[in-house]
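Descriptive analysis of the structure
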Amino acid sequence: MTDIVDAATRSRMMSGIRSRNTRPELLVRRLLHRMGFRFRLHVRTLPGTPDLVLARYHAVIFVHGCFWHGHACPLFRLPATRTDFWRDKISRNQKNDRKNRDALRASGWRVATVWECALRGRAADPERAVNQLSGWLKGLAPVLELSGVQSN
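Below you will find a few notes about this structure.

Cut-offs used in this document
- Residues numbered from 1 in each chain as written.
- Predicted model: local features only at pLDDT ≥ 70, side-chain atom pairs only at ≥ 80, totals over all residues.
- Heavy atoms only, no water.
- Helix = DSSP H or I, 4+ residues; strand = E, 2+ residues; numbered from the N terminus.
- Contact = heavy atoms within 4.5 Å.
- Areas by Shrake-Rupley, 256 points an atom, 1.4 Å probe, with all protein chains shown as cover.
- Phe/Tyr/Trp six-rings, centres within 6.5 Å; stacked < 30°, edge-to-face > 60°.
- Lys NZ or Arg CZ within 6 Å of the ring centre and 35° of its normal.
- Pairing = 2+ DSSP bridges.
- Axes fitted to C-alpha atoms, helices over the stretch in contact; angles between N-to-C directions.
- Expected span 1.5 Å × (residues − 1).
- Buried < 20%, exposed > 50% of the residue type's maximum accessible area, 1.4 Å probe, protein only.
- Arc of directions from axis to C-beta.
- Salt bridge = Lys/Arg side-chain N within 4 Å of Asp/Glu carboxyl O.
- Parallel < 35°, antiparallel > 145°, perpendicular 65-115°, else oblique.
- Left-handed = near helix turned anticlockwise from the far one by under 90°.
- Nonpolar A, V, L, I, M, F, W, Y, C, P; charged D, E, K, R; others polar.
- Core = buried A, V, L, I, M, F, W, Y, C linked by side-chain atoms within 4.5 Å.

1. Let's talk about the overall build of the chain
For the chain, the helix and strand inventory stands at four helices and five strands. Reading the helices (α) and strands (β) of the chain from amino to carboxyl end gives α-α-β-β-β-α-β-α-β. Put simply, of all contacts in the chain between residues at least 6 apart along the chain, 59% involve residues at least 24 apart. Looking at the chain as shown, the accessible area adds up to about 9,700 Å², and 50% of this sits on carbon and sulfur atoms.

What follows is the structure, given as structure tokens:
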């Protein structure tokens, strides 16, 4: 299947996609802040530049887009065009995610991943997701992964 827009238009569209301050990230930040949590944003000295860093809890939070990080949920679908390119790109993103998570864990950080599908889509309940995140922050568990996909 061919693209419905020309290459220049597609390039302009793709360049407008942000990696910081995305809607899901802003939602998590707003809800956590409302609950009294204070954090730093995008600390570049930490592996993977976590979206939120809560030093008081020695915890970091990544808010991942389901498409860009290849999450197995209804929000992810591999594009029909240039599939090899996208498969390689998403695979690299997943590899980098694992490497960064392992490096953070090795240096004693607690790591949470909040998937976009936990915040939007049919199974999404942002308030519930942030309540779980809050409970994790106050607890001692080393990792947390929140998604809208129901586990059996």
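After that view, the rundown keeps rolling.
2. A few points about the packing of aromatic side chains
Enumeration according to the criterion identifies six aromatic pairs in this entry. Note on phenylalanine 67 and phenylalanine 76: the rings are 6.0 Å apart at their centroids and 35° apart in plane angle, and the pair reads as tilted. Three or more aromatic residues link up through ring pairs in this structure, and these residues are Phe67, Trp68, Phe76, Phe85 and Trp86. In this arrangement the basic side chain of arginine 82 is found over the ring face of phenylalanine 85, its NZ or CZ atom lying 4.2 Å from the centre. For the cation-ring pair, arginine 110 lies above tryptophan 136, with the distance from its terminal atom to the ring centre recorded as 4.4 Å.

3. Things to note about the sheet that holds strand 2 (residues 52-54)
Ordered by their spatial adjacency, five strands build an open sheet running 1-2-3-4-5, and the pairing between neighbours is mixed. The sheet terminates laterally at strand 1 (40-41) and strand 5 (143-146), the two strands that pair on one side only. Where helix 3 (residues 83-106) meets the sheet, it contacts strand 3 (59-64), strand 4 (110-115) and strand 5, and its direction lies at approximately 150° from that of strand 4. In the packing of helix 4 (residues 126-138) onto the sheet, the strands contacted are strand 2, strand 3, strand 4 and strand 5, and the crossing angle to strand 5 comes to about 180°.

4. A few points about helix 4
If you check helix 4, its first and last C-alpha atoms are 18 Å apart, about what 13 residues at 1.5 Å a residue would give, namely 18 Å. For helix 4, the full list of buried residues reads Ala129, Val130, Leu133, Ser134, Trp136 and Leu137. What you see down the axis of helix 4 is that its buried residues fit within an arc of 160°, all on one side.

5. Section: helix 3
Along an α-helix, residues three or four apart share an orientation, since each turn contains 3.6 residues. With 24 residues, helix 3 should cover 34 Å at 1.5 Å per step; its first-to-last C-alpha distance of 34 Å lies within 8% of that length. Buried residues of helix 3: Trp86, Ile90, Asn93, Asp97, Asn100 and Leu104, and no others. Immediately beyond the C-terminal end of helix 3, within one or two residues, lies glycine 108, with a positive phi of roughly 95°.

6. Focus: the pattern of salt bridges
Applying the stated criterion across every chain, the model contains three salt bridges. Here arginine 120 ties to glutamate 116 by a salt bridge, and the two come within 2.6 Å at their closest N and O atoms. The class for arginine 120 is partly exposed, based on a relative accessible area of 44%.

7. Section: the packing of helix 2 (residues 23-34) against helix 4
Between helix 2 and helix 4, whose axes approach to 10 Å, the crossing angle comes to 60°. The angle between helix 2 and helix 4 falls in the class oblique. Helix-helix and strand crossings are classified by hand; for helix 2 and helix 4 the assignment is right-handed. For the pair helix 2 and helix 4, the contacting residues are Leu27, Val28, Leu31, Leu32 and Arg34 in the first and Pro126, Glu127, Val130, Leu133 and Leu137 in the second. Partitioned by chemical class, the residues of the contact of helix 2 with helix 4 number eight nonpolar, no polar and two charged.

8. So, the nonpolar core
Leu32, Ile61 and Leu133 are the most contacted members of the largest nonpolar core, which has 21 residues in total. When contributions to this core are tallied by element, the ones reaching two or more residues are helix 2, strand 2, strand 3, strand 4, helix 4 and strand 5. Among the elements that line this core, the one with the most residues is helix 4, at five residues. Leaving out residues up to four positions away in the same chain, isoleucine 61 has contacts with Leu32, Pro50, Asp51, Leu52, Leu54, Ala112, Val114 and Leu133. Core analysis: the second largest hydrophobic core is formed by eight residues, Val53, Phe62, Leu104 and Val111 among them.

Read these as spatial facts, not as claims about activity.
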